[in-house]
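# Understanding the architecture of this molecule
Here's the letter readout for the chains.
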Amino acid sequence: MDVWLNAVGEYGISTVIAFYLLHRMEKKLDTLIYVVQAREQAETAAVRPVTLESHEKTTPLQ
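Residues numbered from 1 in each chain as written. Predicted model: local features only at pLDDT ≥ 70, side-chain atom pairs only at ≥ 80, totals over all residues. Heavy atoms only, no water.

Where an unreviewed UniProt entry is consulted, the protein chain appears under the name YvrJ protein family protein, with the organism given as Salibacterium halotolerans.

## Quick look at the overall build of the protein chain
For clarity, the cut-off: The numbering of helices and of strands both runs from the N terminus, where a helix is a DSSP run of H or I of at least 4 residues and a strand a run of E of at least 2. In this description, accessible areas are obtained by the Shrake-Rupley approach with a 1.4 Å probe, and a residue is regarded as covered only by the protein chains that are shown.
Scanning the protein chain from N- to C-terminus turns up three helices and zero strands. Secondary structure elements in the protein chain, listed N-terminal to C-terminal, are α-α-α. Working note: accessible area of the protein chain is about 6,200 Å², and carbon and sulfur atoms make up 64% of it.

## Topic: the packing of helix 1 (residues 2-11) against helix 2 (residues 13-46)
We apply this condition: Helix axes use the C-alpha atoms of the stretch in contact, all axes being lines fitted to C-alpha atoms, and the angles between their N-to-C directions lie in the range 0 to 180 degrees. Put simply, angles under 35 degrees are roughly parallel, angles over 145 are roughly antiparallel, angles from 65 to 115 are roughly perpendicular, and the rest are oblique. We call two residues in contact whenever any of their non-hydrogen atoms come within 4.5 Å of each other. Residue classes follow a fixed rule: Ala, Val, Leu, Ile, Met, Phe, Trp, Tyr, Cys and Pro count as nonpolar, while Asp, Glu, Lys and Arg count as charged, and any other residue, Gly among them, counts as polar.
As a packed pair, helix 1 and helix 2 sit with axes 7 Å apart at the nearest point and diverge in direction by 125 degrees. If you check the angle between helix 1 and helix 2, you find them oblique. Along the contact surface, helix 1 presents Trp 4, Ala 7, Val 8 and Tyr 11, while helix 2 presents Ile 13, Thr 15, Val 16, Phe 19 and Tyr 20. Considered class by class, the residues forming the contact of helix 1 with helix 2 number eight nonpolar, one polar and no charged.

## Observations concerning a nonpolar patch on the surface
To be explicit about the condition: Within the patch definition used here, like charges are joined within 9 Å and nonpolar side chains (Val, Leu, Ile, Met, Phe, Trp, Tyr) within 5 Å, considering only residues with over 30% relative accessible area and no salt bridge. Salt bridges are defined by distance alone: a side-chain nitrogen of Lys or Arg within 4 Å of a carboxyl oxygen of Asp or Glu. Each residue is assigned to one of three classes by its accessible area relative to the maximum for its type, calculated with a 1.4 Å probe on protein chains only: buried under 20%, partly exposed between the two thresholds, exposed over 50%.
Together, Trp 4, Ile 13, Ile 17, Phe 19, Tyr 20 and Leu 21 line one region of the surface with nonpolar side chains, adding up to about 620 Å² of accessible area. For the nonpolar patch, the leading source of residues is helix 2, giving five residues. On the secondary structure map, Leu 21 appears in helix 2. Since its relative accessible area comes to 46%, Leu 21 is described here as partly exposed.

## A closer look at the environment of Val 16
Secondary-structure assignment places Val 16 in helix 2. Since its relative accessible area comes to 10%, Val 16 is described here as buried. Leaving out residues up to four positions away in the same chain, Val 16 has contacts with Trp 4, Ala 7 and Val 8.

What follows is the structure, encoded as structure tokens:
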């Protein structure tokens, strides 16, 4: 708590509030980026392209 009071005294209340809000927003953006990347990886893993080589291995030739 003393750190915040010292910061308010040194920089002003509006600067400290702006810093606090930006810090909170950064955490939420980091979480959002993580979720989007995890979803992209899950979608990529779920939809694997079928190549000719993989199709030939599973289908017997007659």
